[in-house]
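Below are the chains, spelled out letter by letter.
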Amino acid sequence: MYNYKEEEYVHTKTGNKLRMSSENNYLFPLGEYKRALKEIYDEGRIKLTENMKNQVLTEISSIAQSMPISRSGERMCWGLPVPEDKEQMIYVWFDALINYYTVLRYPNTSPRENELYSNIIHIIGKDILRFHTIVWPAFLLANDYPLPKEIIVHNFWLTNRIKMSKSLNNVVKAQPILDKYGSDLIRWYFLKNGPFHHDETFLEAKLYREFNLKNEFANTISRIVGSSVMKNAKLIIEEEPDLATKEFVRRFNEEATVVYSLQANPVRSVEKLVGLMRVISKYIDDMKFWSMGEEKMKTVVGTVCEALRATCVLLYPVVPEYTLKAMEFFDMKKEDLNISKIKIEVHKRKEVRFNYKAKNSAFIEKMQNDCGIICLLNFIR
């Protein structure tokens, strides 16, 4: 900010006066990569959301010819010295960004490492956007190194509409909240409300509301748990599925694929995951299996069980503790958490397994108490 009275620039927050200085540094020719960087984002070789892409392209258009990659040792006494010139220290970002590759032991030639190099995704805060979307790719281009596949940029969590900061002492202490609500609910809240499109204010009151929301997944289990066809450790679908069931399977598989495809956008993925559970619930409402004969009931209940088993695979990254307990009901093991199992098939003679011993109120109550999510007790028939 310019102070016209004093005829000088001052920092808007600290009030410190701007002091002009100059020094000799080593330079990186950033301007030479201006055109290449623009092409990378125009062609989608590094994926960004549309609004972030536009912001980066604007920034690229104003790139200076060169950027300093060292600092005077007199002014900066800490850091790594420039090789063969101890009077200069390597600029911290130049040093830090290279660690993305050195930690992967680049250029190790093993197949596993090579696969990692070509599938790097950065998740960063918006305040370091320029370094990761312009400076870092330019460094990689200069050395002919692989570019990241995608850069996911998040905004800030706020307290009273102000960015959390140690200096302002307005940081929310995580441990007391974790102790109070449990890790699954915290994960759900942050993924569902995460600031990927705008800054978001953290409110414990909102967290508490999430805590008391009726859980779609558990409610759906509760609607089949009392059915007469779930008497043993398995049921066998005796009939060919009708058109309504075939349409449900088609839609479920379509929606499950969308949930998985949005894994780099957690907010949208969680929204779609809740929607997927509602698709299952609507199928139950439409079919009214409780009024059916045993054979048709087996088809509907078996189809719902298969859909919920597949949903467990998608739910696990979001609320792992809760999902592991739900998996007990479906007699699932950890090795069943495979992305190849997010699609379901329902056909005549299909065998559907579940853990009959888990079909009791004590198990359901344990899910509720351990996971801190309102679920089944009020819905058991």
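What you are looking at is a predicted structure, and each value in this text was computed from that prediction instead of being measured.

Chemist: Please explain the overall build of the protein as it appears in this structure.
Modeler: Of the regular secondary structure elements, the protein holds 14 helices and 14 strands. Classification of the 381 residues of the protein by burial places 42% in the buried group. Contacts spanning at least 24 positions in sequence make up 70% of the contacts within the protein whose residues lie at least 6 apart. Carbon together with sulfur atoms contributes 51% to the accessible area of the protein, which is approximately 22100 Å² in total.

Chemist: So what exactly am I meant to see when it comes to the packing of helix H10 (residues 243-261) against helix H11 (residues 266-287) here?
Modeler: When two helices pack together, you describe them by how their axes are tilted relative to each other and by the distance separating the axes. Packing of H10 against H11 brings their axes to within 9 Å, and their N-to-C directions diverge by 170 degrees. When the axes of H10 and H11 are compared, the pair comes out roughly antiparallel. Facing Ala244, Thr245, Phe248, Arg251, Phe252, Glu255, Ala256, Val258 and Val259 of H10, the residues of H11 in contact are Ser269, Lys272, Leu273, Leu276, Val279, Ile280, Tyr283 and Met287. Its residues assigned to classes, the contact of H10 with H11 shows 12 nonpolar, 2 polar and 3 charged.

Chemist: Mind showing me how you'd approach the packing of aromatic side chains here?
Modeler: Given two aromatic rings, their pairing is described by the distance between the two centres and the angle made by the two planes. Within this structure, the stated rule accounts for 17 aromatic pairs. Between Trp93 and Phe131 the ring centres are 4.2 Å apart and the planes differ by 5 degrees, which places this aromatic pair in the stacked class. Linking Trp93 in helix H3 (residues 92-102) with Phe131 in helix H5 (residues 129-142), this pair joins segments that are 38 residues apart in sequence. The exposure class of Trp93 is partly exposed, given its relative accessible area of 21%. Every member of this aromatic cluster is reached through a ring pair, and the members are Phe28, Tyr33, Phe94 and Phe139. Its end group placed over the ring of Phe156, Lys163 keeps NZ or CZ at 4.4 Å from the ring centre.

Chemist: I'm lost on helix H1 (residues 34-42) in this one. Help?
Modeler: Because each turn of an α-helix spans 3.6 residues, side chains separated by three or four positions end up pointing in the same direction. Of the residues making up H1, those classed as buried are Leu37, Ile40 and Tyr41. Viewed along the axis of H1, the buried residues span an arc of 90 degrees, placing them on a single side of the element. On its buried face, H1 sits against helix H2 (50-61), H5 and strand S9 (150-154). Just downstream of H1 lies Gly44, where phi reads positive at about 75 degrees.

Chemist: Help me understand the packing of H1 against H5, please; the structure alone is not making it clear to me.
Modeler: Packing of H1 against H5 brings their axes to within 10 Å, and their N-to-C directions diverge by 110 degrees. The orientation of H1 with respect to H5, classified from their angle, is roughly perpendicular. Across the interface between the two elements, Ala36, Leu37, Ile40 and Tyr41 of H1 pack against Thr133, Ile134, Pro137, Ala138 and Leu141 of H5. Per-class residue counts for the contact of H1 with H5 are 8 nonpolar, 1 polar and no charged.

Chemist: In this structure, what is going on with the nonpolar core? I would like to understand it.
Modeler: One recurring pattern in soluble globular proteins: nonpolar side chains tend to sit buried together. Core analysis: the biggest nonpolar cluster contains 51 residues, and Phe217, Ile224, Phe248, Phe252, Val301 and Phe330 have the highest contact counts within it. For this core, the elements supplying multiple residues, two or more each, are helix H9 (216-224), H10, H11, helix H12 (294-315) and helix H13 (320-329). When residues no more than four places from it in sequence are discounted, the contact partners of Phe248 are Val279, Ile280, Tyr283, Thr303, Ala307 and Ile344. Membership of the second largest hydrophobic core comes to 30 residues, among which are Leu30, Tyr33, Ile40 and Ile151.

Chemist: Can you walk me through the sheet that holds strand S6 (residues 81-82) in this structure?
Modeler: Two orientations exist for strands paired in a sheet by backbone hydrogen bonds: parallel and antiparallel. Here 3 strands make up an open sheet; going across it, the order is S5-S7-S6 and the pairing antiparallel. The two strands at the open ends of the sheet, each matched to only one other strand, are strand S5 (70-72) and S6. With 3 bridges connecting them, S5 and strand S7 (residues 85-90) associate as antiparallel partners. Residue pairing across strands places Arg71 opposite Met89, the latter belonging to S7.

Reading the values: the criteria
- Residues numbered from 1 in each chain as written.
- Predicted model: local features only at pLDDT ≥ 70, side-chain atom pairs only at ≥ 80, totals over all residues.
- Heavy atoms only, no water.
- Helix = DSSP H or I, 4+ residues; strand = E, 2+ residues; numbered from the N terminus.
- Buried < 20%, exposed > 50% of the residue type's maximum accessible area, 1.4 Å probe, protein only.
- Contact = heavy atoms within 4.5 Å.
- Areas by Shrake-Rupley, 256 points an atom, 1.4 Å probe, with all protein chains shown as cover.
- Axes fitted to C-alpha atoms, helices over the stretch in contact; angles between N-to-C directions.
- Parallel < 35°, antiparallel > 145°, perpendicular 65-115°, else oblique.
- Nonpolar A, V, L, I, M, F, W, Y, C, P; charged D, E, K, R; others polar.
- Phe/Tyr/Trp six-rings, centres within 6.5 Å; stacked < 30°, edge-to-face > 60°.
- Lys NZ or Arg CZ within 6 Å of the ring centre and 35° of its normal.
- Arc of directions from axis to C-beta.
- Core = buried A, V, L, I, M, F, W, Y, C linked by side-chain atoms within 4.5 Å.
- Pairing = 2+ DSSP bridges.

Any functional reading would require information that these geometric values do not contain.
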